[in-house]
Amino acid sequence: MTSDYRPDPDRLLAQVQREERERRAGRLFIFLGMCPGVGKTYAMLQAARQRRAEGVKVLAGVVETHGRAETAVLLEGLELLPQRKIEHGGHLLEEFDLDAALSLRPELLLVDELAHTNATGSRHSKRYQDVLELLDSGIDVYTTLNVQHIESQVDTVRQITGVTVQETVPDSILDRAQEIQLIDLSVEKLLQRMAEGKVYQSERAHAAFDGFFREGNLTALREMALRFTAERVDRDLEDFRRARRDSSPWKTNARLLVGVAPTPYSESLVRWTRRAAARIGCPWIGVWVEGVKPLRPGEEELLARGLALVRKLGGEVVHVTGNDVASALLEVARDRNVGQIVVGKSDGKRFWKSTLTDRVIAGSGDIDVCVVRPFAGKKPKRGSEVVPPAASRWKDYASAAGLTALVTVAAWLAAPLTGYMVPAFGYLFAIVLGSLRWERGATLLMAAVSGFAWNYLFIPPRFTFHVDKPEDMAMLASFFVIALAMGHLTTRLRLRETAERQRQRHTDALLRVTQQAALNPEGARGLEAALRVIESILGGQVALLTRQDDHSLGSGAHAASAFQPGDTEFAVAAWAFANHQIAGRFTDTLPSAEATWFPLQTATSTMGVLGLKRQVENLDFTERQAMEAFALQLALVLEKEHFIEAVQHAERLEEGEKLRRALFDSVSHELKTPIAVIRAAVEAGGREDPRLVEIDTASRRLQRIVDGLLQMTRLEASVIEPRPEWCDVNDIVSDAIEATGDALKRHPLKLDLPADLPLVKTDHNLLEQCLINLLHNAAVHTPEGTRIEFSAARLPQGIGFTLRDHGKGLGEGEERRIFGKFYRSPGAPAGGTGLGLSIVKGFLRALGGEVAARNHPAGGAEFTIRLPAETMEPSAAAIASGP
């Protein structure tokens, strides 16, 4: 590369991860339209019939024809998946059968209406979650979607049409789509189709004309669909340019940030940020700034919805603490190299305090700030606001009144000696003391009562509310100022103390869980103690299911678990384990379960699942956060134990391997000398005596075993250093046949060695040994008298050798196993070590070549050796590669 362009490593890593995921998972094809009636299902069925004609196994999982005859015709001839019957509210509903689709495993599955909400009792609450599971199982999916159902477009659709769309799909699922095909239709033609009754029946068509399907709405929706598709094309083009290493400039460090607060406007800001990030193709983060003020249940619900939407739309959630939200957002933005902060437009500036938007803009510096007008989302459930206990409030007010009365009596008795100003200071001192203990309302009540009492009982003229002197007026005003200031300061200190105490409690719980699980010398007791800590913090019952050695989820809960999951609960836990997502009660996935299951997910693997069963109506935000933190700590502990066991196992294997190599090396060398003596004695005695012939045969076999052990020892010690030189292929083959000896004499050998074979630059001895082992293997593993065929040929990639026998061939799956150390095929003759083919593979790897085995179509086994073109003489390599 001659340019100075350097690709962004983060983008390259993301591209590699995306390509790896696409290789493993199924492909998603989305047919996108502006609204119902444009022909999405019709186009999907046409494309499916074309794929079926190409030989692809197509299954219609769920297709909604809506009574349209032309659409129903296209279903003819396609295999239909029977729908699952679910009883709900006294009615029998039909839903897509996910389990049946997974068991049939078609190459292509049709799943209409991606944004559909499943009936209660289904595995997932949304159909798009069914599609995600299908994709993860490697099944291609065709589906349909209207633009108003895309989560990031909901606010825009509501602004245009006045309709709040309830059924939505996250933008992240569209990011997984292999292809998004826009099904476009002009507004005039769509209205004509509606008038002809091709979209809705007549009574529904009139209502649609008067509501959602007004011409202005349709025009805006069509523009949204076109714009969304165009942005998708732009992102694809950008990915292509990066793949081509195009040096044209683009903003590689763009990153957006949006604050997520417990307000109804957060979801709208999150959607806007997701749309903006998708347009410029950059990452984005949602930041929650936790203050000292505890959240009410309604605020917790709003915050949980906002953060869940960030995760759902593919953003990153960042949690920080701080009293000043603006400063915390700016600090995160600078730490994370954020280029643009998205904030909501304030209703107006307060005369005593600047708004959050103003403070962010004032401190933003080089960071861009985008101010947008958010829309209020769904309000939290009624009855979720917390009302302080009445008994506690009245107790504070009664205490404030009692202290005021006590100060008044004392001041009245001392008034002849002190004058009227001393009681004022007594009241102020009491207000300060009271503000340190009671809530703000009680302190203000005390200030009001004290002011009236001092004015009426002590300020001349007494027993009136008339005040003449300015200093008396200032003293009365100071009652309220001090009460307000001290009350506000005390309230903030108490809130901060409560928040810190809560954080300390969670931190202490995490520390206790980690200490019990990680530092206990007995692992089982440590996990039991950790689970008891979790139960004491959250209440309810906890169950732990860990991963087995084969990386599957164990069917039985850990012995320390408080409950054992039944078959239904285990199915929920297995789903959470397999899909790395929270499932069960209080979630959108299998909400009818009794427990909530959290995957023990680390950066590298899933170590199990943790279940929480509680008899409560909901799992609030802080409890869910705590449970996720506990699950992460247990996952890290289990992963650490797994790594320790793996290291110990590897060390034991290494020690055993060292001992085995030392033993092989010692035995091999110790046997070489006696064998040589035996061979020399046999040759000196001649071959007339049958006993000497038998001894000679046995010594040769023993020599091959010793040679094999020595060669394997050299391979494992990595001391094989090829000494390449120009060699004649015919000489190597002849030497190999001669060295194989008597084993080949019982088989006719057919050679096919072209006269124009080039010289090869290789290690003569190593390649000869490879051919010897292959020839000997074919001779001893095939019936006597069967033919062995050996050939060599010039290939475009180098030079190849092929050896074929006419025996029974290889067993199922043996094509790779036969090259393993000490592997012997079932029924193999006695006397071998199972090292010959393993040595062939090791030697060829050292020579830069490769060996493969297969069953010949006409019978018998076939072994092929490939040596690269670099080993051939230059002129021959040029001829082999072609012009």
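Since the model is a prediction, treat every value here as computed from it, not as a measurement.

**Student:** Lay out unusual backbone geometry with the relevant residues and their values.
**Tutor:** Comment: phi is negative for the bulk of residues other than glycine, and the bulk of peptide bonds are trans. Note the cis peptide between P460 and P461, where omega equals -15°. Positionally, P461 belongs in the loop between α17 (440–457) and α18 (470–519). The phi dihedral of H551 falls on the positive side, at around 65°, and the residue is not glycine. Assignment of secondary structure puts H551 in the loop between β14 (541–546) and α20 (567–579). A relative accessible area of 48% means that H551 is categorised as partly exposed.

**Student:** Break down the sheet that holds strand β9 (residues 256–259) for me, with residues and values.
**Tutor:** Ordered by their spatial adjacency, five strands build an open sheet running β11-β10-β9-β12-β13, and the pairing between neighbours is parallel. In the strand order of this sheet, the two ends are held by β11 (316–321) and β13 (368–372), each with one partner. Neighbour-to-neighbour, the strand axes of the sheet open up by a mean angle of 30°, direction not taken into account. One ladder, built from three bridges, connects β9 with strand β12 (residues 340–344); its direction is parallel. Note on β12: the bridge partner recorded for L256 is Q340. Those strands touched by helix α11 (residues 266–280) are β9, β10 (284–290), β12 and β13, and its axis lies near 175° from that of β9. Contacting β9, β10, β11 and β12, helix α13 (residues 325–335) crosses the sheet at an angle of about 145° to β10.

**Student:** Give me the pattern of salt bridges: which residues, what numbers.
**Tutor:** As enumerated under the stated definition, the model contains 21 salt bridges in all. The residue D140 makes a salt bridge to R27 at a minimum N-O spacing of 3.1 Å. Here D140, found in strand β7 (residues 140–146), pairs with R27, found in the loop between α1 (9–24) and β1 (28–33); they are 113 residues apart in sequence, far enough to count as distant. With a closest N to O distance of 3.7 Å, D324 and R359 form a salt bridge. You can see D324 sitting in the loop between β11 and α13 and its partner R359 sitting in helix α14 (residues 356–363), a full 35 residues away along the chain.

Parameters at a glance
Residues numbered from 1 in each chain as written. Predicted model: local features only at pLDDT ≥ 70, side-chain atom pairs only at ≥ 80, totals over all residues. Heavy atoms only, no water. Helix = DSSP H or I, 4+ residues; strand = E, 2+ residues; numbered from the N terminus. Buried < 20%, exposed > 50% of the residue type's maximum accessible area, 1.4 Å probe, protein only. Pairing = 2+ DSSP bridges. Axes fitted to C-alpha atoms, helices over the stretch in contact; angles between N-to-C directions. Contact = heavy atoms within 4.5 Å. Salt bridge = Lys/Arg side-chain N within 4 Å of Asp/Glu carboxyl O.

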